[in-house]
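Architecture and fold: a report
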Amino acid sequence: MNSEMLFVKLTMDAPLLSARELRTLVLFRCLEQGYVVVTLTLNIPGLLKTTPKSQGFFHHYYYQVNKLLEQQFKLEQRFNWTDPSGVIGYFLLDGKSDSRMVKQLLLNYEESLKVQGQLLDLDVYQRSKTKVGRKQLNYQVRKCFLCNQPAKECAVKQVHSKKELQDFLDQFLVIDSSWNDDLMIVEEQELDEVSFYQDFFNQNQETNKQVLESLQIALAKPDFDDLEQIASLIHLVDQICLILSQQSYNLKKVNQTLEQRFLFRYELLRKFSNKSYC
């Protein structure tokens, strides 16, 4: 089951926090920790946001942006995950970083990529929870892929047909065979997933409550016959809890089935939401 179908299936049964709202909660949590935050997403029209091609395209530029930021600023942490809205990457910079300089660097980078740069959406958020806009640096609003009109106007008015947009993506959303940076080797502390979750919930009694409650709702009615769905849900919980832990770990899988691993996480989330976990 792909992420779109998974999201639809879950939201039919529970008032699930949307993918966008969950992204915002995690973003605000990072800003509250004092970071300047850069997010990377893809500008892909339509409902189907995640394909093998789009993921390969995203991860290539995720690594390139990582290198770019490391050269100019103090990059404290990075992470990414996939949800029904597509794939998103977060880069957490030292809170003393000049957010306008960060935005200028990324605008220059987007422009250097020409057409493919139009497919990247790199946003910079200040500790005040405000975004550094293009206009603040005297840049015009984004233009449409296919014409010279503001992109938002074309999207709202649906000026271009699905075929026109798909033809554009087929031409420019491409993976170059010379790209060989599909993996970044990062040394991370190995930690048993059971130990990690027990420590995590013991140490985070209030600060992450809203995010974790929303996850507990999202996981309420899984289909245990659908192993792909269960694996996707486990990955989502792992990624968000790792993010909120402010640490990078390589979780060692315990000797459990997918169902057992899922139920372990769900039970901790349920107890946490009911304030009965200690």
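Throughout what follows, the structure given in this document is the object of discussion. (Residues numbered from 1 in each chain as written. Predicted model: local features only at pLDDT ≥ 70, side-chain atom pairs only at ≥ 80, totals over all residues. Heavy atoms only, no water.)

1. Points about the packing of helix α9 (residues 227–244) against helix α10 (residues 258–273)
A pair of packed helices is captured by two measures, namely the crossing angle of their axes and the spacing between those axes. Packing of α9 against α10 leaves a shortest axis separation of 10 Å and a crossing angle of 45°. One finds that α9 runs oblique with respect to α10. α10 is crossed by α9, and the crossing has left-handed handedness. On α10, the residues touching Leu-227, Ile-230, Ala-231, Leu-233, Ile-234, Val-237 and Asp-238 of α9 are Leu-258, Arg-261, Phe-262, Arg-265 and Leu-269. Grouping the constituent residues of the contact of α9 with α10 by class yields nine nonpolar, no polar and three charged. (Axes fitted to C-alpha atoms, helices over the stretch in contact; angles between N-to-C directions. Helix = DSSP H or I, 4+ residues; strand = E, 2+ residues; numbered from the N terminus. Parallel < 35°, antiparallel > 145°, perpendicular 65-115°, else oblique. Left-handed = near helix turned anticlockwise from the far one by under 90°. Contact = heavy atoms within 4.5 Å. Nonpolar A, V, L, I, M, F, W, Y, C, P; charged D, E, K, R; others polar.)

2. Remarks on unusual backbone geometry
Phi is positive for Lys-114, close to 60°, though the residue is something other than glycine. On the basis of relative accessibility, which here comes to 66%, the residue Lys-114 falls in the exposed class. Here Lys-129, not a glycine, exhibits a phi torsion of approximately 70°, which is positive. Take Lys-129: it is sitting in the loop between β4 (120–125) and α5 (151–157). (Buried < 20%, exposed > 50% of the residue type's maximum accessible area, 1.4 Å probe, protein only.)

3. Focus: the side chain of His-160
The residue His-160 is located in the loop between α5 and α6 (162–172) in this model. Other than its neighbours up to four places away in sequence, His-160 contacts Cys-144, Leu-146, Cys-147, Cys-154 and Leu-165.

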